[in-house]
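Chain by chain, the residues run as shown.
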Amino acid sequence: MWKVKIGLKYLGIVYIVISAFFFALMNLFVSMAGEVPVMQKAFFRNIVALVLAAVMLLKDRGAVKTGRGHVGDLLIRAAAGTVGVLCNFYAISNMNIADASILNKLSPFFAIIFSFFLLKEKPAKTEWLAVAVAFVGALFVVKPTFSAEVLPAALGVLGGLGAGVAYTFVHKMGKAGVNGNLIIFVFSVFTCLVTLPSLIFDYYPMSWQQLGALLLAGLAAAIGQIFITKAYSKSPAKEISVYDYSIVLFTALLGFLFLSEVPDWMSVVGYCVIIFAAVGNWYMTLRRDRKARGQSAADGAAGNAAGSAAVNGQAENAENAAAHAPPEEGEPPEGSFEGNESGKR
């Protein structure tokens, strides 16, 4: 039986592309649920994630303890994530799903901005440039006008902003050792509690097809979350996150096959500009990282060389000192008669 060995980096890429496919499926199923209210869609999407995260936490009781001292961060992440999901679902339900997906993928660029203001991390100049380019691309997708038609696209951008804040706090808590399943659980509970009143007091009767679509959306999102977690456990985010933009290709294809959606030329230009900004930022990040590693290696080599020179110098000094040291008591000087005579004997 043939066995194929895949490096961890490439395995991470495979996993993140699989996750992008399942998140694209989630977008498709949410759109196929039709006129079901956004609150109701969000509830059923998150109830599946809630159950799966609860099962994971039950298997790892110690995970809950990692959240001590981070309750505020967990709640801010949950609130921002909920805003992101609701805005994204509204966009998906009212515009081309590929357009909605690319606007949601502005989240990494918003994360750069919020990491500067909230975490005091200083982005490189190229990262600020990537943010500016990405927002120019977003204008092609949004096509801003002074009419209500722009509302879904505007909320799509707001959804990306909410996700960007959420990712910023996930990054902060990840560095502090907070368990990922706990973060997902708190987010899912928060979203379900926010959307539950609408479900109770303004329930929209659903057909079996609509209910099935929403449950499949929740399942697809859960599988996507599993694979994206696997991806980032195999490879650093800076090396593989750009492949997450494959979701735009998947949603465009699924939208064409199942919803007969075809993006207009301005949207396609916007996709290309945003993805170009993401790829450029990814490339420059790797380049800076390689340069830093090279400089570190050079500094280490210089330090080792200096250390070796110091050791050699100490050894040479010791030899010189030994050569000029006076003879010990009872020891004949080198070249003396007694020494020569003893040598002859």
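Before any of the text, the structure's been laid out above.
What comes next is a walk through the structure. These figures come from a predicted structure and were not determined experimentally.

Side chains bearing opposite charge may pair, as long as their charged atoms lie close to each other. Inspection of the entire model under this criterion finds five salt bridges. Residue Lys175 is joined to Glu121 by a salt bridge in which the shortest nitrogen-to-oxygen separation is 3.2 Å. Taken together, the residues span a long stretch of sequence, with Lys175 in helix H7 (residues 151-175) and Glu121 in the loop between helix H5 (107-118) and helix H6 (125-142) at a distance of 54 residues. Relative accessible area serves as the criterion here: at 26%, Glu121 is assigned to the partly exposed category. Here Lys143 ties to Asp264 by a salt bridge, and the two come within 3.5 Å at their closest N and O atoms. Of this pair, Lys143 sits in the loop between H6 and H7 while Asp264 is found in the loop between helix H11 (246-259) and helix H12 (265-323), placing the two residues 121 residues apart along the sequence.

This paragraph deals with the packing of aromatic side chains. Inspection of the entire model under this criterion finds nine aromatic pairs. Seen in terms of ring centroids, Tyr15 and Phe227 are 5.7 Å apart; in terms of plane orientation they differ by 50 degrees. Their pairing is tilted. Highlighted residues: Tyr15 in helix H1 (residues 8-32) and Phe227 in helix H9 (residues 208-234), separated in sequence by 212 residues. Of the residues examined, Tyr15 reaches a relative accessible area of 17% and is grouped as buried. An aromatic cluster is built from Tyr15, Phe21, Phe22, Phe227 and Phe250, whose rings are joined through pairwise contacts. For Arg77, the ring lying beneath its charged end belongs to Phe187, and the centroid distance is 4.5 Å.

What follows is about the side chain of Glu127. You can see Glu127 is positioned in helix H6. Despite being buried, Glu127 has no salt bridge partner; Arg288 is the closest side chain of opposite charge, sitting 4.1 Å away. When sequence neighbours within four positions are dropped, the list of residues in contact with Glu127 reads Ile112, Asn281 and Arg288.

With that settled, the discussion passes to a nonpolar patch on the surface. Taken together, the side chains of Leu253, Phe256, Leu257, Phe258 and Val262 define a hydrophobic patch exposed on the protein surface, amounting to about 550 Å² of accessible area. By the element assignment, Phe256 lies in helix H11.

Time to look at the side chain of Asn179. Its place among the elements puts Asn179 in the loop between H7 and helix H8 (180-201). If we ignore the near neighbours within four places in the chain, the residues touching Asn179 are Leu57, Asp60, Ala63 and Thr66.

Turning to helix H4 (residues 97-104), a few remarks are in order. Since the α-helix turns once every 3.6 residues, residues separated by three or four places project in the same direction. Most of H4 sits out of view: eight of its eight residues are buried. For H4, the full list of buried residues reads Ile97, Ala98, Asp99, Ala100, Ser101, Ile102, Leu103 and Asn104. For H4, the side-chain oxygen to backbone nitrogen distance between the N-cap and Ala98 is 2.8 Å, and the N-cap itself is Asn96.

Bringing the packing of helix H2 (residues 38-59) against H8 into the picture now. Relative to each other, H2 and H8 sit at 145 degrees, their axes nearing to 8 Å. The two elements H2 and H8 cross, and the hand of that crossing is left-handed. For the contact of H2 with H8, the residue count by class is 19 nonpolar, seven polar and no charged.

Right, let's get into the layout of surface pockets. Computed from the structure, the second largest pocket encloses a volume of approximately 170 Å³. Contributing to the lining of the second largest pocket are Thr126, Leu129, Ala130, Val133, Phe276, Ala277, Gly280, Asn281 and Met284. Among the elements of the structure, H6 and H12 are those that each provide at least two residues to the lining of the second largest pocket. Examining the composition of the lining of the second largest pocket, we find that five residues originate from one element, H12, more than from any other. Grouping the amino acids of the lining of the second largest pocket by side-chain chemistry returns six nonpolar, three polar and no charged.

It is worth spelling out the packing of helix H3 (residues 71-94) against H4 at this point. Running from N to C, H3 and H4 cross one another at 155 degrees; their axes reach a closest spacing of 7 Å. Judged on the interaxial angle alone, H4 and H3 are roughly antiparallel. Between H3 and H4 the crossing geometry is right-handed. Note on element contacts: H4 touches H3 through Ile97, Ala100 and Asn104, opposite Asn88, Ala91 and Ile92. Residue composition of the contact of H3 with H4, grouped by class: four nonpolar, two polar and no charged.

Here the focus is the nonpolar core. Within the largest apolar cluster, 63 residues are counted, with the highest numbers of intra-cluster contacts made by Met26, Phe89, Ile102, Leu103, Leu106 and Phe109. Leave out the neighbours within four places in its chain, and Leu103 touches Met95, Ala138, Val141, Val142, Ala153, Gly156, Val157 and Gly160. Counting residues in hydrophobic clusters, the runner-up holds ten residues, among them Val36, Leu50, Met206 and Leu214.

All right, on to H7 then. Between its first and last C-alpha atoms H7 spans 36 Å; for 25 residues at 1.5 Å apiece the expected length is 36 Å, and the two agree. Gly177 lies just past H7 and shows a positive phi near 90 degrees.

What counts and what doesn't
Residues numbered from 1 in each chain as written. Predicted model: local features only at pLDDT ≥ 70, side-chain atom pairs only at ≥ 80, totals over all residues. Heavy atoms only, no water. Salt bridge = Lys/Arg side-chain N within 4 Å of Asp/Glu carboxyl O. Helix = DSSP H or I, 4+ residues; strand = E, 2+ residues; numbered from the N terminus. Buried < 20%, exposed > 50% of the residue type's maximum accessible area, 1.4 Å probe, protein only. Phe/Tyr/Trp six-rings, centres within 6.5 Å; stacked < 30°, edge-to-face > 60°. Lys NZ or Arg CZ within 6 Å of the ring centre and 35° of its normal. Lys, Arg positive; Asp, Glu negative; His and termini not counted. Contact = heavy atoms within 4.5 Å. Patch = residues over 30% accessible without salt bridge, like charges linked within 9 Å, V, L, I, M, F, W, Y side chains within 5 Å. Areas by Shrake-Rupley, 256 points an atom, 1.4 Å probe, with all protein chains shown as cover. Polar contact = N/O pair within 3.5 Å; in protein donor to acceptor, adjacent residues only side chain to side chain. Axes fitted to C-alpha atoms, helices over the stretch in contact; angles between N-to-C directions. Left-handed = near helix turned anticlockwise from the far one by under 90°. Nonpolar A, V, L, I, M, F, W, Y, C, P; charged D, E, K, R; others polar. 1 Å grid on protein atoms, 1.4 Å probe; cavity = no way out; pocket = protein on both sides within 12 Å on 5 of 7 lines; lining within 4 Å. Points joined across faces, edges and corners; volume = space filled by probe spheres on them. Parallel < 35°, antiparallel > 145°, perpendicular 65-115°, else oblique. Core = buried A, V, L, I, M, F, W, Y, C linked by side-chain atoms within 4.5 Å. Expected span 1.5 Å × (residues − 1).

Any functional reading would require information that these geometric values do not contain.
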